[in-house]
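Listed below are the residues making up each chain.
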Amino acid sequence: GLQAAILTEAAKRNLEIGDYHYVRLSYHYAEKDPQAAGAWSVALPEGEVREYAIRAAVTKWHEQDAPAAMRWIESLPESDRQIAAKGLPQAPPAQ
């Protein structure tokens, strides 16, 4: 959709991930359809926009369907798995 097109253009132009608008769009895309957002995110050019998009997709997907999110992460190449793992909830510290 439009959000994907905007974020893809942002990634192509190597815009800074700190740009609030692109961060919000990526998050909202993941919130609406995390599976599609995940597929889209790994197709983006390398860079911070891509990494944020992968993490956002994982975060929202894990909230909605943790087993499916974990299967998707396991299917990724190692470098993308490391990025995706940063989107998983952190376990609370042991006491």
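All values derive from a computational prediction rather than experimental measurement.

**Here's the deal with the overall build of the chain**
Here is step 1 of the chain: Helices and strands together make up the secondary structure of the chain, namely 6 helices and 0 strands.
Here is step 2 of the chain: Across the chain, helices and strands are ordered from the amino to the carboxyl terminus as α-α-α-α-α-α.
Here is step 3 of the chain: Going through the 95 residues of the chain one by one, you find that 37% of them count as buried.

**Notes on the confidence of the model for the chain**
Here is step 1 of the chain: In this model, the chain carries an average pLDDT of 82, and 73% of its residues clear a pLDDT of 70 or more.
Here is step 2 of the chain: Ranking the elements of the chain by mean pLDDT puts helix H1 (residues 2-12) last, at 68, and helix H5 (residues 66-75) first, at 96.

**Structural notes on the packing of aromatic side chains**
Here is step 1 of the chain: Using the criterion set out here, one finds 2 aromatic pairs in the structure.
Here is step 2 of the chain: Ring geometry for Tyr29 versus Trp40: centroids 5.4 Å apart, planes at 75°, classification edge-to-face. In this pair, Tyr29 sits in helix H2 (residues 20-32) while Trp40 sits in helix H3 (residues 34-43), placing the two residues 11 residues apart along the sequence. Side by side, Tyr29 and Trp40 carry an identical accessibility label, which is buried.
Here is step 3 of the chain: Between Trp61 and Trp72, the aromatic rings sit 5.4 Å apart at their centres with planes inclined by 35°, giving tilted as the arrangement. Linking Trp61 in helix H4 (residues 48-64) with Trp72 in helix H5, this pair joins segments that are 11 residues apart in sequence. Each member of the pair Trp61 and Trp72 is classed as buried.

**Examining the pattern of salt bridges**
Here is step 1 of the chain: Across all of its chains, the model carries 5 salt bridges by this definition.
Here is step 2 of the chain: With a closest N to O distance of 3.7 Å, Lys60 and Glu31 form a salt bridge. Residue Lys60 is found in helix H4, and its partner Glu31 is found in helix H2; the two are separated by 29 residues along the sequence.
Here is step 3 of the chain: What makes Lys60 buried here is its relative accessible area of 7%.
Here is step 4 of the chain: Note that Glu46 and Arg50 form a salt bridge whose closest N and O atoms lie 3.8 Å from each other.
Here is step 5 of the chain: Glu46 gets classed as exposed once you look at its relative accessible area, which sits at 61%.
Here is step 6 of the chain: Take Arg50: its relative accessible area is 4%, and that puts it in the buried class.
Here is step 7 of the chain: Ionic contacts of the salt-bridge type, sharing partners, join the residues Glu31, Lys60 and Glu63 into one network.

Thresholds, definitions, all that
- Residues numbered from 1 in each chain as written.
- Predicted model: local features only at pLDDT ≥ 70, side-chain atom pairs only at ≥ 80, totals over all residues.
- Heavy atoms only, no water.
- Helix = DSSP H or I, 4+ residues; strand = E, 2+ residues; numbered from the N terminus.
- Buried < 20%, exposed > 50% of the residue type's maximum accessible area, 1.4 Å probe, protein only.
- pLDDT = per-residue confidence, 0-100.
- Phe/Tyr/Trp six-rings, centres within 6.5 Å; stacked < 30°, edge-to-face > 60°.
- Salt bridge = Lys/Arg side-chain N within 4 Å of Asp/Glu carboxyl O.

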